[in-house]
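Coordinates in review
What follows is each chain in one-letter form.
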Amino acid sequence: MLSLQDPLLIFSDLDGSLLDIHTYDWQPAQPWLDKLQNYQVPVILCSSKTAAEMLDIQQDLGMEGLPFIAENGAVIQPDVRWESVKRHLNGMKHNEIYPLLAQLREQTGFKFTTFDDVDERVIAEWTGLNRHRSLLARQHEASVTLIWRDSDENMVRFEEALAGHGLQCLQGARFWHVLDARCGKDVAIGWLVEQYRAREGAVPTTLGLGDGPNDAPLLNSVDFAVAIKGINRHGITLKDDNPARVYHTQHSGPAGWREGLNHFFS
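No experiment lies behind these values; they were computed from the predicted model shown.

**Let's talk about the pattern of salt bridges**
Scanning the entire structure with this criterion turns up 15 salt bridges. In this structure, the salt-bridge partner of Arg 133 is Asp 56, at a minimum N-O distance of 2.9 Å. Taken as a pair, Arg 133 in helix α5 (residues 131–136) and Asp 56 in helix α2 (residues 51–61) lie far apart in primary sequence, 77 residues in all. Of the residues examined, Asp 56 reaches a relative accessible area of 18% and is grouped as buried. With a closest N to O distance of 4.0 Å, Glu 120 and Arg 131 form a salt bridge. Of this pair, Glu 120 sits in helix α4 (residues 120–127) while Arg 131 sits in helix α5, and the two are 11 residues apart along the sequence. Beyond isolated ion pairs, a larger network of salt bridges with shared partners links Asp 13, Lys 185 and Asp 215.

In structure tokens:
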């Protein structure tokens with residue numbers, strides 16, 4: 001069992017984990033969010049969402065000033081207390097990646113639609129987000145989000161072509177995300193943990209929660225993991241699925257998030 005009185009860091013995915021995949025509600029998790037705040041345990045959001053979206057969500061959740069990991073690890077926002085450390089982007093920037101994808105699509109005929117190809121009205125239809133959040137969802141800094149409209153066989157070819165440009169394609173709950181191959185939620189978590197070790201003078205125990213295939217790096221890189229029941233047909237494949245380390249929930253979304261914390265802390 002873990003203790004809230006020990007040095008802890010909690011890394012959490014958003015859509016399908018802390019947030020309901022359809023309604024974006026987090027209320028089932030609220031009692032735990034309140035308790036973690038009372039014990040001053042940082043909850044570090046770790047998502048494919050843009051930094052602009054995550055700053056907005058942090059305000060909703062009362063997490064202003066805490067670090068977060070955006071765009072699957074390509075963007076890291078440090079703790080507001082670390083005045084000398086600025087938000088940093090890893091690897092290739094959005095304005096380098098999108099032209100490569102557009103060129104690849106034209107040359108090969110791969111069928112996909114990116115968030116750059118549509119306006120916020122269409123993104124609102126795809127996601128169920130309001131117009132304001134849909135606008136924020138287009139503000140990528142170091143990745144591209146897309147809907148794949150082609151075959152599984154062509155996805156393999158697409159990934160091979162991306163690798164030739166030093167890029168990777170990660171599958172989320174609903175969308176695919178293209179970013180620099182050197183980036184990842186695991187790399188970003190490792191950097192943040194080292195920052196906490198250096199600045200707080202303690203070695204924190206880490207707990208991660210996620211529901212999609214792109215959360216595997218997150219869950220593989222923490223001490224304890226909660227694999228939340230998700231909608232993706234492939235689920236999550238982990239390197240170390242030892243029941244002492246990993247708990248698979250019966251519930252999805254924020255109810256599963258709450259279930260996972262109950263398991264490790266009750």
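**Considerations on the sheet that holds strand β7 (residues 143–148)**
With respect to topology, 4 strands assemble into an open sheet ordered β6-β7-β9-β8, the strand pairing being antiparallel. The open sheet has two edge strands with one neighbour each: β6 (112–114) and β8 (167–171). Adjacent strand axes in the sheet meet at a mean angle of 35° when their direction is disregarded. Pairing of β6 with β7, which is carried by 3 bridges, proceeds in the antiparallel orientation. By the bridge assignment, Thr 113 is partnered in β7 with Ile 147. Packing against the sheet, helix α3 (residues 94–108) makes contact with β6, β7, β8 and β9 (176–180), and its axis sits at approximately 35° to β7.

**Structural notes on the state of the cysteines**
What we call a disulfide is simply a covalent bond connecting the sulfur atoms of a pair of cysteines. Enumeration over the complete set of coordinates arrives at 0 disulfides. Here Cys 46 is not disulfide-linked; the sulfur of Cys 183 is the nearest cysteine sulfur, at 12 Å. Here Cys 169 is not disulfide-linked; the sulfur of Cys 183 is the nearest cysteine sulfur, at 14 Å.

**Observations regarding the pairing of strand β1 (residues 8–12)**
β1 sits mainly inside the fold: 5 of its 5 residues count as buried. Of the two faces of β1, the one holding Leu 8, Ile 10 and Ser 12 and the one holding Leu 9 and Phe 11 are both buried throughout. Both β1 and strand β10 (residues 205–210) contribute to a ladder of 5 bridges, which runs parallel. Considered in β10, the bridge of Leu 9 is made with Thr 206. Direction of pairing for β1 relative to strand β2 (residues 43–46): parallel, over a ladder of 3 bridges. Bridged to Phe 11 within β2 is Ile 44. In this fold, the crossover linking β1 to β2 by way of helix α1 (residues 30–38) has right-handed handedness.

Calculation notes
Residues numbered from 1 in each chain as written. Predicted model: local features only at pLDDT ≥ 70, side-chain atom pairs only at ≥ 80, totals over all residues. Heavy atoms only, no water. Salt bridge = Lys/Arg side-chain N within 4 Å of Asp/Glu carboxyl O. Helix = DSSP H or I, 4+ residues; strand = E, 2+ residues; numbered from the N terminus. Buried < 20%, exposed > 50% of the residue type's maximum accessible area, 1.4 Å probe, protein only. Pairing = 2+ DSSP bridges. Axes fitted to C-alpha atoms, helices over the stretch in contact; angles between N-to-C directions. Contact = heavy atoms within 4.5 Å. Disulfide = S-S within 2.5 Å. Right-handed = clockwise from strand over helix to strand, strands pointing away.

Such coordinate-based values are descriptive only and should not be taken to indicate function.
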